[in-house]
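Coordinate analysis (summary)
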Amino acid sequence: MRQPFVIGSLGTAIGRVPQISTALDWKDHWGAFKVRWAVGRMRYTVIPGLYAVGNPDNSSPILVTANYKLSFDKLRTALPGRNVWILVLDTNGINVWCAAGKGTFGTVELTTRIESSRLAEVVSHRKLILPQLGAPGVSAHNVKRLTGFQVVYGPIKAADLPAFLDAGWRATPAMRLKTFPLSERIALIPVELVAALKAFALIAPIFLLLGGVGGPHEYWDSVLSHGSFAVLGLSTALLAGVIVAPLLLPLLPGRAFSLKGASVGLFLALLYTIYHGLHFGSPAAGLEILGWFLIIPAISAYLAMNFTGASTYTSLSGVKKEMRWALPIQAVAGIAGFGLWIVSRLMA
């Protein structure tokens, strides 16, 4: 596989090692943009193995990363003017944090890659710098026992590596703190939006056509009026769960993501009914209002839960616990809301 970021090779005791650029070109930016929108996400990889930045020698630091190209690019662009080695693990194209949780950024892969790369013949020291977010997947004492290499955990952000290296491999407290700022939450929206739109494309036509059922008007007239408003209701739920919830995440009530998503859904459901001109003037309208006050928060809560894996304040056990109680509630609310909406159409 051709890797455009390879700009040469460096002679070592084990042969030629690829030298890589620390600058991104337009292809790198275009590839990152596509991946953010879920295009070729699982194929955006780097060949695992050993790489050279600058002209490292046998005493130069060794940095370890995943073979997800976004992670690899973040690392190499943080190292202009540096002479370091980069050891890329095969994480099946998954970023460091997620791969550590799945076990692909782990002890077995690390020790295997150290041996297959003949790292002990390239450097005279026995230290590796791993990203802190890879710690859950790595047993440092077993790596030491099996390979002789000591694991040192570097800063969370690749951008902090120059300061970390210059400080004698010491991290400040700020380098150990993982935040989840607005910019990072925005970056996650496109891939979640694409996934949600796939389901939306299947469900929306059903609501559109069912909107023509009942009422005093001709079927296709009702499809255009009530059916289109039903699609707008689904769009409101998608907007609430995939866009508004992550943007306002720290400001929303509750700790559970499902509650945060539901709160946004309830508010937007209110705006939707106001815009739709619905009021409790008739039994049919009342049922329709209740239906959308169940459907929109249920969908919004479900979609908001997709961001749990990217947040900094959830745990695996906590997510599992939330799913056990939240998913049944969301399912019941969604089905009940759909049923009320259908009944309201038949009564119209």
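Refer to the preceding data block for the structure.
Anyway, here's the lowdown on the structure attached to this text. Treat the numbers as computed from the prediction; the structure is a model and nothing was measured.

The next point concerns the overall build of the protein. Looking only at helices and strands, one finds 12 helices and 7 strands in the protein. Relative to the compact-globule value of 20 Å for 348 residues, the protein shows a C-alpha radius of gyration of 26 Å, a clear excess of over 25%. Seen through its C-alpha atoms, the protein measures out along the principal axes to roughly 85 × 35 × 30 Å. Of all 348 residues assigned to the protein, the portion counted as buried reaches 45%. Partitioning the intrachain contacts of the protein with sequence separation of at least 6 by distance along the chain shows that 69% fall at a separation of at least 24. Here the protein has roughly 17,000 Å² of accessible surface; of this, 66% comes from carbon and sulfur atoms. Charge centroids of the protein, computed over 30 positive and 16 negative side chains, lie 7 Å from each other.

Counting 26 residues, the largest nonpolar core has Trp85, Leu87, Phe105, Leu110 and Leu128 as its most contacted members. Of all elements in the fold, only β3 (49-53), β4 (62-66), β5 (84-89), α3 (96-102), α4 (107-116), α5 (119-122) and β6 (127-130) reach the threshold of two or more residues within this core. Residues Leu79, Ile86, Val88 and Val152 belong to the second largest nonpolar core, which totals 20 residues.

To continue, consider the side chain of Lys69. Among the structural elements, Lys69 can be located in helix α2 (residues 69-76). Its relative accessible area of 8% is what places Lys69 among the buried residues. Here Asp28 takes part through its side chain, which lies 2.6 Å from a polar atom of the side chain of Lys69. With sequence-adjacent residues up to four places away left out, Lys69 is seen in contact with Phe5, Asp28, Tyr44, Thr45, Val46 and Arg76.

So, about the pattern of salt bridges. Inspection of every chain in the model, using the stated rule, returns 8 salt bridges. Its salt-bridge partner being Arg82, residue Asp166 comes within 2.8 Å of it at the nearest N-O pair. Taken together, the residues span a long stretch of sequence, with Asp166 in helix α7 (residues 161-166) and Arg82 in the loop between α2 and β5 at a distance of 84 residues. Where Glu109 meets Arg113, a salt bridge forms, and the shortest distance between an N and an O atom there is 3.0 Å. Taken together, the residues span about one helical turn, with Glu109 and Arg113 both in helix α4 at a distance of 4 residues. You'll find Glu109 and Arg113 in the same group, each marked buried.

It is worth spelling out the packing of helix α9 (residues 219-247) against helix α10 (residues 257-276) at this point. Packing of α9 against α10 leaves a shortest axis separation of 9 Å and a crossing angle of 145 degrees. The handedness of the crossing between α9 and α10 comes out as right-handed. Where α9 abuts α10, its residues Phe229, Ala230, Leu232, Gly233, Thr236, Leu239, Ala240, Val244 and Ala245 lie against Gly261, Val264, Gly265, Leu268, Tyr272, Tyr275 and His276. Across the contact of α9 with α10, the residue classes break down as 11 nonpolar, 5 polar and no charged.

Looking now at the pairing of strand β2 (residues 15-20). Direction of pairing for strand β1 (residues 6-12) relative to β2: antiparallel, over a ladder of 6 bridges. Residue pairing for β2: Val6 is matched across the bridge by Ile20. With antiparallel pairing between neighbouring strands as the criterion, β1 and β2 make up a hairpin whose turn holds 2 residues. In this structure, β2 lies alongside β3, joined through 2 bridges in parallel fashion. Each residue of the ladder has a partner; that of Gln19, found in β3, is Ala52. Handedness of the β-α-β unit built from β2, helix α1 (residues 26-36) and β3 comes out right-handed.

This next bit is on α4. Within an α-helix, residues lying three or four positions from one another point in the same direction, as the helix has 3.6 residues per turn. When α4 is considered as a whole, its buried residues turn out to be Thr107, Glu109, Leu110, Thr111, Arg113 and Ile114. Where α4 ends, the next residue or the one after it, Arg118, has phi of about 55 degrees, a positive value.

Attention now goes to a nonpolar patch on the surface. A grouping of Trp26, Trp30, Phe33, Trp37 and Val39 is seen on the molecular surface, where their side chains present a nonpolar patch of about 590 Å² in accessible area. Here Trp30 falls in the partly exposed class, since its relative accessible area comes to 45%.

What counts and what doesn't
Residues numbered from 1 in each chain as written. Predicted model: local features only at pLDDT ≥ 70, side-chain atom pairs only at ≥ 80, totals over all residues. Heavy atoms only, no water. Helix = DSSP H or I, 4+ residues; strand = E, 2+ residues; numbered from the N terminus. Rg over C-alpha atoms; globule rule 2.2 N^0.38 Å. Buried < 20%, exposed > 50% of the residue type's maximum accessible area, 1.4 Å probe, protein only. Contact = heavy atoms within 4.5 Å. Areas by Shrake-Rupley, 256 points an atom, 1.4 Å probe, with all protein chains shown as cover. Lys, Arg positive; Asp, Glu negative; His and termini not counted. Charge placed at Lys NZ, Arg CZ, Asp CG, Glu CD. Core = buried A, V, L, I, M, F, W, Y, C linked by side-chain atoms within 4.5 Å. Polar contact = N/O pair within 3.5 Å; in protein donor to acceptor, adjacent residues only side chain to side chain. Salt bridge = Lys/Arg side-chain N within 4 Å of Asp/Glu carboxyl O. Axes fitted to C-alpha atoms, helices over the stretch in contact; angles between N-to-C directions. Left-handed = near helix turned anticlockwise from the far one by under 90°. Nonpolar A, V, L, I, M, F, W, Y, C, P; charged D, E, K, R; others polar. Pairing = 2+ DSSP bridges. Right-handed = clockwise from strand over helix to strand, strands pointing away. Patch = residues over 30% accessible without salt bridge, like charges linked within 9 Å, V, L, I, M, F, W, Y side chains within 5 Å.

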